[in-house]
Amino acid sequence: MKPKLCVFILLCCFMLLSSCRKAERKPLIPEISQYRRWEQPIGDILDYPIPGHEDNRRRIFINPRGTEVRVDRRENRVYWEYPEGTVVVKEIISGLQGADTDYPFQITAMIKRPEDPQSRGGWLWVAKAVDSAEETIVDWEFCFDCHANANESHPYGDGNAADEFRDYVFYPYRKP
Amino acid sequence: MKRFVPLTRKINLIIVGSLVVGVGVVIAYFAFTQNLSLRETSQGNLQQQSDILFQSIKNAMLPGEAPIAVQLFEDIRLANPAYKIFLLRENGVQAFSDNSTIETVNATLGFRGFEPKEVFPQEVMIMEEDLNFSLSVRERRPVLFQESVGGKTFFTIYKPLLNLPKCTECHGSTHTVRGVLDITSDITPVVNQQRNNLLIASGFFVAVVLVLTLLLSLYLHGTLVRPVKHIGEVCATVTNGDFGSRVTVANRDEIGELGETVNHMVEGLYERFELSKFVSSSTIQSIRDHEKGAKEEMTLFFSDIRSFTSYSERNPARDVVDSLNRVLNFQTQVIQKNGGDVDKYVGDEIVAIFSGQRKEEHACLTALEIQNEIMHNRERYKGLTVGIGINTGEVILGMIGSEKRADFTVIGDHVNIASRLCDTAKPGMILISEDVYRQIGERARAKGPYHLKVKGKESDLHVFRLLAMKRRSP
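Residues numbered from 1 in each chain as written. Chains lettered and ligands numbered in written order. Predicted model: local features only at pLDDT ≥ 70, side-chain atom pairs only at ≥ 80, totals over all residues.

Chemist: What is the right way to look at the overall build of chain B in this model?
Modeler: Counting its regular elements, chain B contains 13 helices and 12 strands. With 474 residues in all, chain B has 26% of them scored as buried. Taking all contacts inside chain B whose residues are at least 6 apart in sequence as the whole, residues at least 24 apart take part in 64%. (Helix = DSSP H or I, 4+ residues; strand = E, 2+ residues; numbered from the N terminus. Buried ≥ 20, exposed ≤ 12 C-beta atoms within 10 Å, placed from the backbone. Contact = placed C-beta atoms within 7 Å.)

Shown next as structure tokens:
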């Protein structure tokens with residue numbers, strides 16, 4: 001066999017194997033220093049227990065893209081629609097009591113990516129353990145089922161008494 | 001040296017190997033994908049069923065209709081014994097098996113919203129240590145797994161029932177998982193089907209390989225192995241000197257062409273073999289050695305039938321040829337027996353050459369034996385007689401002739417002298433040169449020297465008439 005042909009075949013094999021290798025994923029949740037510069041839909045820390053986060057505090061941030069949320073009324077119902085690329089970050093801080101400067105042990109995020117096959121309700125649901133920096137895409141019911149309650153009356157925040165479609169966000173961003 | 005491995009075995013190995021790999025891969029692929037598809041379908045079905053049940057339970061519980069969900073589970077279990085469904089609490093105890101949940105709900109509501117039950121199921125399902133159950137509760141996600149118990153195989157799915165925000169009004173906000181839906185489906189028939197698929201595929205594989213191997217082996221044996229063996233047998237026969245064998249291959253392919261080529265080769269060999277009878281050994285050797293020409297010490301032997309012209313005029317051609325061949329044949333045998341080589345036949349004359357250390361002695365013994373035979377068997381040789389001349393000395397050997405036709409022969413002065421001695425010799429006479437006589441001297445009985453005038457030579461030659469010779473003791 002000709003040497004050039006051998007080299008070509010080897011190169012093809014190498015490229016094929018390289019393409020099969022699992023590509024390293026870019027982190028989905030931005031660094032703390034980055035997202036903490038974003039706006040907070042509610043200024044306070046949420047310090048009451050809720051299912052899913054139990055007796056832990058939460059602090060919420062929304063990226064600039066998310067502040068462009070569109071609110072429409074269609075067929076007597078109000079629809080909130082966050083643009084693609086919206087990122088809502090929720091810091092989970094241990095315990096219901098503590099200082100505002102306490103560091104989170106877990107960070108969760110909703111990322112608006114309707115085209116992503118792992119997305120549910122148009123959002124990618126991500127959980128990141130701060131210690132290991134490991135990110136998990138929660139593509140089962142857990143996050144999605146709970147946040148689906150945001151689209152109807154619920155016991156949090158303003159309670160969504162008008163039964164608006166809040167696009168799975170319990171505390172919608174309201175322009176100051 | 002490599003061990004002899006029959007062609008049949010190699011071909012069979014290739015066939016069986018190819019079939020095992022080729023057919024095996026295909027059948028294994030189909031069996032694997034079919035089993036995978038069966039498994040995925042079973043899992044998918046169970047997932048769908050669990051989703052439907054999950055939504056039913058969720059919706060039944062929201063308005064506080066938990067008993068409807070409980071009855072649904074019971075009905076499903078009764079309708080299909082291969083299908084088990086339970087709702088378990090986080091601690092693994094079957095939900096609605098006591099009033100603890102109702103009491104908790106009433107406490108959260110702050111009033112007696114639900115009446116405690118008085119009748120409970122007789123058998124209460126309690127989940128024992130189960131890692132998958134713990135995993136489902138801890139990570140709050142569905143866990144699907146397969147397990148075998150008592151010769152049966154089950155698919156089980158644990159699906160957590162979440163304490164959603166709208167549930168917190170009754171159940172409180174302190175916990176995330178309200179319970180775990182446990183759905184178990186007996187998939188033994190599916191597993192058996194998978195096993196049967198594999199067995200059928202294996203059986204099919206073995207049968208196909210065996211049948212194809214047999215058919216291909218027979219076909220290749222008939223078209224390849226047998227003709228090749230036949231060609232080999234013909235070649236072996238030819239090697240043993242039998243040029244009568246021919247390859248009979250009916251194939252119109254490379255093997256057939258090889259057979260025809262071998263047949264042509266055998267015919268060519270036969271022709272060359274026959275031709276070699278008419279060519280001297282030295283000529284054949286020179287062809288092998290590609291000799292161009294050389295000088296060598298040799299003894300020249302010339303024998304010529306006397307009065308052959310008048311004999312041929314007096315006798316029919318057939319008798320002439322017969323008698324001539326008889327004399328020449330006998331002389332050739334004696335020459336070859338004594339280590340000589342017939343260089344050529346020129347009409348009724350034989351030219352032979354002897355080489356080696358005792359070439360003169362061998363040539364003289366040959367001459368004496370020939371004369372003795374002819375003299376004592378006149379009848380056999382029809383009265384024909386020969387005169388023989390022998391000389392020794394340096395001659396030139398070479399391929400003499402044209403590109404189309406040539407002989408490897410000897411030329412030179414000594415050749416001419418030997419020829420002249422032969423011409424001079426009377427019937428039954430052997431004339432040898434002085435050089436020959438000097439070499440055999442003591443053991444020879446000869447008369448001479450005689451003086452012989454030779455054309456082209458200034459001085460006369462000294463020649464001897466050889467009468468007898470003592471043989472060396474062996």
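From this point on, the discussion continues.
Chemist: What is the right way to look at the overall build of chain A in this model?
Modeler: Within chain A, the regular secondary structure consists of three helices and seven strands. Moving toward the C terminus, one meets the helices and strands of chain A in the order α-α-β-β-β-β-β-β-β-α. Expressed as a percentage of its 176 residues, the buried residues of chain A come to 28%. Expressed as a percentage of contacts within chain A between residues at least 6 apart in sequence, the contacts between residues at least 24 apart total 44%.

Chemist: What exactly am I supposed to notice about the nonpolar core here?
Modeler: The nonpolar side chains of a soluble globular protein tend to be buried, and buried together. Counting residues in each nonpolar core, the largest one holds 48 residues, and the members touching the most others are Val88 and Ala109 of chain A together with Ile57, Leu87 and Leu181 of chain B. Contacts of Leu181 of chain B, omitting those with residues within four sequence positions, involve Ser50, Leu53, Phe54, Ile57, Leu87, Lys159 and Leu161 of chain B. With 47 residues, the next largest nonpolar core counts Ile390, Ile440, Val463 and Leu466 of chain B among its residues. (Core = buried A, V, L, I, M, F, W, Y, C linked by C-beta atoms within 7 Å.)

Chemist: Explanation requested: the environment of Asp139 of chain A in the structure shown.
Modeler: Residue and element names in this part refer to chain A. Secondary-structure assignment places Asp139 in the loop between β7 (134-137) and α3 (141-148). Judged by C-beta crowding, with 17 C-beta atoms within 10 Å, Asp139 ranks as partly exposed. Residues Asp139 and Trp125, 14 residues apart in the sequence, show an inter-C-alpha distance of 6.9 Å. Not counting chain neighbours up to four residues away, the residues in contact with Asp139 comprise Gln118 and Arg120.

Chemist: Explain the pairing of β7 of chain A to me, please; I cannot follow it from the model alone.
Modeler: It is a general feature of regular strands that their side chains alternate between the two faces of the sheet. Relative to β7 of chain A, strand β6 (residues 123-129) of chain A runs antiparallel, the two being bridged by four bridges. Note on β7 of chain A: the bridge partner recorded for Ala129 of chain A is Glu134 of chain A. (Pairing = 2+ DSSP bridges.)

Chemist: Honestly, the packing of helix α1 (residues 7-61) of chain B against helix α2 (residues 66-79) of chain B in this entry has me stumped. Any pointers?
Modeler: Helices that pack against each other are described as a pair by the angle of their axes relative to one another and the distance between those axes. Residue and element names in this part refer to chain B. Contact geometry for α1 and α2: axes closest at 7 Å, N-to-C directions at 150°. Comparing their axes, α2 and α1 come out roughly antiparallel. For the pair α1 and α2, the contacting residues are Ser56, Ile57, Ala60 and Met61 in the first and Ala66, Ile68, Ala69 and Leu72 in the second. A per-class count over the contact of α1 with α2 returns seven nonpolar, one polar and no charged. (Axes fitted to C-alpha atoms, helices over the stretch in contact; angles between N-to-C directions. Parallel < 35°, antiparallel > 145°, perpendicular 65-115°, else oblique. Nonpolar A, V, L, I, M, F, W, Y, C, P; charged D, E, K, R; others polar.)

Chemist: What am I meant to see in helix α4 (residues 131-139) of chain B here?
Modeler: Within an α-helix, residues lying three or four positions from one another point in the same direction, as the helix has 3.6 residues per turn. Residues and elements named next belong to chain B. Along α4, the residues classified as buried are Phe133, Ser136 and Val137. Seen end-on, α4 carries its buried residues on one side only, within an arc spanning 95°. Among the exposed residues of α4, those pointing more than 90 degrees away from its buried face are Leu131 and Arg138. At its buried positions, α4 is contacted by β2 (143-149), β3 (152-162) and β4 (177-186). Two residues or fewer after α4 comes Arg140, characterised by a positive phi angle close to 55°. (Arc of directions from axis to C-beta.)

Chemist: Would you mind going over the sheet that holds β7 of chain A with me for this structure?
Modeler: Within a beta sheet, neighbouring strands are joined by backbone hydrogen bonds and run either parallel or antiparallel to one another. Residue and element names in this part refer to chain A. Sheet architecture is open: five strands sit in the order β1-β4-β5-β6-β7, paired in antiparallel fashion. Every interior strand has two partners, whereas the edge strands, β1 (56-62) and β7, have only one. For this sheet, the mean inter-axis angle between neighbouring strands, taken without regard to orientation, is 20°. Examined bridge by bridge, β1 and strand β4 (residues 87-94) share seven bridges and lie antiparallel to one another.

Chemist: Which parts of the structure should I look at to understand unusual backbone geometry?
Modeler: Residue Pro449 of chain B follows Gly448 of chain B across a cis peptide bond; omega there is 0°. Unlike most non-glycine residues, Ala133 of chain A shows phi in positive territory, near 60°. Within the secondary structure, Ala133 of chain A is located in the loop between β6 and β7. Given 10 C-beta atoms within a 10 Å radius, Ala133 of chain A is considered exposed. With a phi angle near 55°, Arg140 of chain B is a residue other than glycine that sits in the positive phi range. Its place among the elements puts Arg140 of chain B in the loop between α4 and β2.

Chemist: Honestly, the confidence of the model for chain B in this entry has me stumped. Any pointers?
Modeler: Residue and element names in this part refer to chain B. Considering every residue of chain B, the mean pLDDT works out to 85; 95% of them sit at 70 or more. When pLDDT is averaged over each helix and strand of chain B, the minimum, 63, is found for helix α8 (residues 281-289) and the maximum, 94, for strand β10 (residues 430-433). Predicted complex metrics record ipTM = 0.79 and pTM = 0.57. (pLDDT = per-residue confidence, 0-100.)

Chemist: Whenever I open this one, the sheet that holds strand β1 (residues 83-88) of chain B confuses me. Can you help?
Modeler: All names here are of chain B. The strand order across the open sheet formed by four strands is β1-β4-β3-β2, and the pairing between neighbours is antiparallel. Because the sheet does not close on itself, it has two edges, and the strands there are β1 and β2. Geometrically, the sheet is characterised by an average inter-axis angle of 20° between neighbouring strands, direction not taken into account. Inspection of the sheet shows β3 paired to β4 by nine bridges, in the antiparallel sense. Directly across from Ile157, in β4, lies its bridge partner Ile183. Packing against the sheet, α1 makes contact with β1, β2, β3 and β4, and its axis sits at approximately 35° to β3.

Chemist: It is not clear to me how the environment of His154 of chain A should be interpreted in this structure. Could you clarify?
Modeler: Structurally, His154 of chain A can be placed in the segment after α3. Residue classification places His154 of chain A among the buried residues on the basis of 22 C-beta atoms within 10 Å. The contact partners of His154 of chain A, leaving out residues within four places of it in the chain, are Asn149, Gly159, Asn160 and Phe170 of chain A together with Pro165 and Lys166 of chain B.

Chemist: Can you walk me through the pairing of β6 of chain A in this structure?
Modeler: Residues and elements named next belong to chain A. The element β6 is extensively covered by neighbouring structure, given that five of its seven residues are classed as buried. Here seven bridges tie strand β5 (residues 106-112) to β6, and the two strands are oriented antiparallel to one another. Bridge pairing in β6 places Met110 opposite Trp125.

Chemist: Explanation requested: the packing of α1 of chain B against helix α6 (residues 188-239) of chain B in the structure shown.
Modeler: Residues and elements named next belong to chain B. Contact pair α1 / α6: the axes reach a minimum separation of 8 Å and the direction vectors enclose 160°. Comparing their axes, α6 and α1 come out roughly antiparallel. Note on packing geometry: the crossing formed by α1 with α6 is right-handed. For the contact of α1 with α6, the per-class residue count stands at 23 nonpolar, 12 polar and no charged. (Left-handed = near helix turned anticlockwise from the far one by under 90°.)

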